[in-house]
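Residues per chain, in single letters:
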Amino acid sequence: MTAVLENPPQQRDEAMKTGKIEFALFAPYNEIVEIMGSWNDFKSEPMVKNDVGWWVTNVDLPDGQHQYKFRVKSRSFFARDQMLDIFDPYCLSVTEDKFERSIVEVRNGTRLWVEYEWKHDDVPLPANGQLVMYELHVGDFHCKRNDKTRCGTFNDVIAKLDYLAELGVNCVELLPVKEFPNPGWGYSLRSLFAVENSYGRPEDLCRLVDECHARGIRVIIDGVYNHAEQEAPLTKIDYAYWFHENNPDPPHMQWGPKFNYHLYDEKLKIFPARKYVTDSIKFWVEKFHIDGIRFDATTAIKDFDVMRELADAGYGKVNGLKHFLTVAEHIPEDPAITGRERGAPMDAAWHDCLGRHLQAICCLQEQAGNHPFDLDGLIQKLDVKTNGYEKPERIVNFLGNHDYKRPMTIIGDDGKIFDEAAFRRMKVGIALLLTSPGLPMLWMGEEFGFPADKSLEPRPLNWSLLNNANNSDLLRYHQRLIKLRKETPALQGETFEVVLKDPGRGLLAFKRWNAEGNVIVIVVNLRDEPAGDFTIQDCGLEDGVWHEFVGHCDIDIKDGKFSDDLDRSEVKIYQKK
């Protein structure tokens, strides 16, 4: 059936080639609901409402693919009592044409949801605290042609998974992949169930997740649960039943019809908006084996109890899933939203203030009130003891993401820094990102210096940049630092201690360690001019031979002290051999 009902249709004998397929639409207070399908040239036929608000009908269908739509007498303020055609808000696929018809597949007389055999559910996947994340937009990631339409598909992403594995990331965060009107990034959804048809079939998405798992890469989806798109089916059925008729948010936060999570149906004993969203989350965990959700615009949702209820829906751990991660995009930041173990809604949150400070460091210009040589401000954001999040796994750190101009563009546009100097500044930012407490996240293409402004228009990655020496060198730098982070226990823990702070020269050094004696020291020259000599001492360093990771040289530490020098925009990383 097309919805999550209490009593699904009985499974039929696999030998049958036809069967009664149940269709249902939840529209408890609408007076008329009809169905029309490809089996009868889309002639509308009446449906019958049951006691719990579902309009139901059964249709004898042969095996194969069929299309259908519902016709409802609308209760919405903009179309009251008009008969409107909609696709099924619980269907898995919608046609890629102006008709937007739902698709149902019948096999052996029963509805077939997804025809995919999972092969890699038993592959061990990294725990939340071990993640190195990679934010990816399917439409722009790997395009086989460069035109004005987005052309990336799930299969195109699969073709580049070995590249991601070689880069070293172990978690992919997909920008929204549910049904939305193109062009766009998918943050105005028409359905929380259907897979975006321009990206491929549901089976293609299953294969993408499965192939990620085969390489030890987890998959997190971007969940948009604050608002929908104006033409979404629910807006046409009964707008005020699911959404605020008058959006209570300020104009700059009104991105579409806003779910009303506090409207309670006393008769049916449900919160309609919460039910639709939690049904969707459970469905995606079960059908697509996702490993987590990044919750968009949680500041607009506001209510922590509601967000906890939505997040709880993802923790079913069906199909042998081993780990799950919920991440809030909560800006302005509020660390209280993190820490599910103590009752907070989410596991982690985007650490936007650090991202903006790292951008200021890269371009050597102020960004959103952050100054490149404000070492005290930077230290406060880096240290979990002072930034309010308490534990590193509660923070997702980044240098860039889809909401900002790309770091290389910020460096050029705002800092007027170009060529080799721009790549030096990128290395400073990425070194701080990958050696700091928290879960690091890259924005696709950042690892080889892809420049672009922030735009909803297509901005496909230019992979030919890797033919340039500076771009390919930056990629190798990322690969080495990601490998170091994944193989160094001290960089995955919560310890952080500043061992050198020199604002005048823009020098910062900090130490990371773990209880087993793994110690690492990071020294950064934040200025693009030589810093000269520096000395690290009185911070409990063990005597002996230490290896400097970036320059591949050894130094001797005696009496807990060593000296070295830094060139312009240089970073050095020391570890006991």
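For every chain, the first residue of the written sequence is number 1, and numbering continues from 1 onward in sequence order. Whole-chain, interface and lining totals are the exception, using all residues; otherwise, since this is a predicted model, local features are given only for residues with pLDDT of at least 70 and side-chain atom pairs are given and counted only at 80 or more. Hydrogen atoms and water are omitted, and side-chain values are computed over all heavy atoms in the structure.

Can you tell me about the overall build of the protein, naming the residues and giving the values?
The way it works is that DSSP assigns letters per residue, a run of H or I at least four long becomes a helix, a run of E at least two long becomes a strand, and they are numbered from the N terminus. Secondary structure summary: the protein contains 13 helices and 25 strands in total. Whereas a compact globule of 577 residues would reach a radius of gyration of roughly 25 Å, the protein reaches 26 Å, a difference of no more than 12%. Accessibility here uses a 1.4 Å probe with only protein chains present; expressed as a share of the type maximum, an area under 20% marks a residue as buried, one over 50% as exposed, and anything in between as partly exposed. With 577 residues in all, the protein has 60% of them scored as buried. Put simply, 69% of the contacts in the protein that link residues at least 6 apart link residues at least 24 apart. A positive count includes Lys and Arg, and a negative count includes Asp and Glu. His and the chain ends are not counted in either. Taken as the charge centre is NZ of Lys, CZ of Arg, CG of Asp or CD of Glu, depending on the residue. If the 70 positive side-chain charges of the protein are averaged to one point and the 92 negative ones to another, these points end up 1 Å apart. Only the C-alpha atoms count toward the radius of gyration. The rule for a globule is 2.2 Å times the residue count to the power 0.38. We call two residues in contact whenever any of their non-hydrogen atoms come within 4.5 Å of each other.

Tell me about helix α6 (residues 272–288), and name the residues and values.
Helix span is expected to be 1.5 Å times the residue number reduced by one. With 17 residues, α6 extends 24 Å from end C-alpha to end C-alpha; this agrees with the ideal 24 Å at 1.5 Å per step. The element α6 is extensively covered by neighbouring structure, given that 14 of its 17 residues are classed as buried. Once α6 finishes, His289 follows within two positions and takes phi at roughly 55°, a positive value.

Describe the sheet that holds strand β18 (residues 497–502), and please don't skip the residues or the numbers.
In spatial order, the strands read β18-β19-β20-β25-β22-β23; together these 6 strands make up an open sheet with antiparallel pairing. Of all strands in the sheet, those with a lone pairing partner are β18 and β23 (553–557), marking the two edges. If you compare each strand with its neighbour and ignore which way they point, the axes differ by 20° on average. At least two bridges found by DSSP between two strands are what make those strands a pair. With 7 bridges joining them, strand β19 (residues 507–513) and strand β20 (residues 519–525) adopt antiparallel strand pairing. In the sheet register, Arg512 faces β20, and the bridge partner there is Ile520. Geometry is summarised by axes, namely lines fitted to C-alpha atoms with helices restricted to the contacting stretch, and by angles between N-to-C directions that run from 0 to 180 degrees.

Run through the nonpolar core, naming residues and quoting values.
Definition used in this section: a nonpolar core is a set of buried Ala, Val, Leu, Ile, Met, Phe, Trp, Tyr and Cys residues joined via side-chain atoms within 4.5 Å. Core analysis: the largest hydrophobic core is formed by 152 residues, its most contacted members being Tyr134, Leu136, Leu164, Leu205 and Phe259. If you tally residues by element for this core, the top one is helix α12 (residues 419–435), at 10 residues. Discounting chain neighbours no more than four positions away, the residues touching Phe259 are Leu192, Tyr225, Asn226, His227, Ala228, Leu234, Trp242, Phe243, His244, Ala273, Tyr276 and Val277. Membership of the second largest hydrophobic core comes to 18 residues, among which are Leu507, Phe534, Ile536 and Leu566.

If you had to explain the layout of surface pockets to someone new, which residues and values would you point to?
The distinction between a cavity and a pocket rests on a 1 Å grid over the protein atoms alone: a 1.4 Å probe fits inside a cavity but cannot get out, while a pocket stays open yet meets protein on both sides within 12 Å along at least five of seven lines, and a residue with an atom within 4 Å of a point counts as lining. Grid points are joined across faces, edges and corners, and a volume is the space filled by probe spheres set on the points. The volume enclosed by the largest pocket comes to roughly 640 Å³. Throughout this entry, Asp, Glu, Lys and Arg are counted as charged residues, while Ala, Val, Leu, Ile, Met, Phe, Trp, Tyr, Cys and Pro are counted as nonpolar. The remaining residues, Gly among them, count as polar. Partitioning the lining of the largest pocket into residue classes produces 11 nonpolar, 7 polar and 4 charged.

So what about empty space enclosed by the protein? Which residues, and what values?
Under the defined criterion, the tally for this structure stands at 5 cavities of 30 Å³ or more. Its volume calculated, the largest cavity comes out at about 120 Å³. Taken together, 15 residues form the lining of the largest cavity, with Trp185, Arg406, Trp443, Asp453 and Arg459 sitting closest to its centre. Residue composition of the lining of the largest cavity, by class: 5 nonpolar, 3 polar and 7 charged. Here the second largest cavity defines a volume of roughly 70 Å³. In this structure, the second largest cavity is lined by 13 residues; those nearest its centre are Leu189, Arg190, Ser191, Ala228 and Tyr276. Within the lining of the second largest cavity, the residues separate by chemical class into 10 nonpolar, 2 polar and 1 charged.

Just give me the short version of the packing of helix α5 (residues 233–242) against α6, but keep the residues and values in it.
Axis separation between α5 and α6 bottoms out at 10 Å; the angle between their running directions is 125°. In terms of axis orientation, α5 runs oblique to α6. Note on element contacts: α6 touches α5 through Pro272, Ala273 and Tyr276, opposite Leu234, Tyr241 and Trp242. Residues that form the contact of α5 with α6 fall into these classes: 6 nonpolar, no polar and no charged. Note on terminology: angles under 35 degrees are roughly parallel, angles over 145 are roughly antiparallel, angles of 65 to 115 are roughly perpendicular, and the others are oblique.

Summarise the pattern of salt bridges; cite the residues concerned and give the values.
Salt bridges are identified by distance alone: a Lys or Arg side-chain nitrogen within 4 Å of an Asp or Glu carboxyl oxygen. One pass over the full model with this rule turns up 39 salt bridges. In this structure, Glu309 engages Arg274 in a salt bridge whose closest nitrogen and oxygen atoms are separated by 2.9 Å. Taken together, the residues span a long stretch of sequence, with Glu309 in helix α8 (residues 304–312) and Arg274 in helix α6 at a distance of 35 residues. Here Arg476 ties to Asp473 by a salt bridge, and the two come within 4.0 Å at their closest N and O atoms. A residue pair is termed a helical-turn pair when its members lie 3 or 4 positions apart in one helix, as Arg476 and Asp473 do in helix α13 (residues 469–487) at 3 residues. With a relative accessible area of 44%, Arg476 lands in the partly exposed category.

Can you explain the sheet that holds strand β13 (residues 292–295)? Please cite residues and give values.
The strand order β10-β11-β12-β13-β14-β15-β16-β17 describes a closed barrel built from 8 strands, whose pairing is parallel. Between one strand axis and the next, the sheet turns by 30° as a mean value, whatever way the strands run. Sheet topology note: the strand β11 (residues 171–174)/strand β12 (residues 218–223) ladder contains 4 bridges and is parallel. Bridge pairing links Cys171 to Arg218 in β12.

Would you mind going over the packing of aromatic side chains in detail, with residue names and values included?
Classification of ring pairs rests on two measures: the distance between centres of Phe, Tyr or Trp rings, Trp counted by its six-membered ring, which must be within 6.5 Å, and the angle between planes, read as stacked under 30 degrees, edge-to-face over 60 and tilted in between. Applying the stated rule across the entire model yields 35 aromatic pairs. Centroid distance Tyr239 to Phe243: 5.4 Å. Interplanar angle 50°. Geometry classified as tilted. For Tyr239, a relative accessible area of 6% puts it in the buried group. Residue placement shows Lys160 over the ring face of Trp463; its charged tip is 3.9 Å from the ring centre. Cation over ring: Lys427 sits above Tyr477, and NZ or CZ is 5.1 Å from the ring centre. Here, a charge over a ring means that NZ of Lys or CZ of Arg falls within 6 Å of the ring centre while also lying within 35 degrees of the ring normal.

I'd like a rundown of the pairing of strand β17 (residues 439–443), residues and numbers included.
Sheet faces and side chains relate simply in a regular strand, where the side chains alternate between the two faces. Within β17, 5 of the 5 residues are buried, which leaves the element mostly enclosed by the surrounding structure. Both faces of β17 are covered, namely the face carrying Leu439, Met441 and Trp443 and the face carrying Pro440 and Leu442. As paired elements, strand β10 (residues 133–136) and β17 share 3 bridges and run parallel to each other. Residue Met133 lies in a different strand from β17, and its bridge partner there is Met441. As defined by bridge partners, strand β16 (residues 395–398) adjoins β17 across 3 bridges and the pair is classed as parallel. If you follow Asn397 over to β17, its bridge partner there is Pro440.

Purely geometric stuff here, so don't read any function into it on its own.
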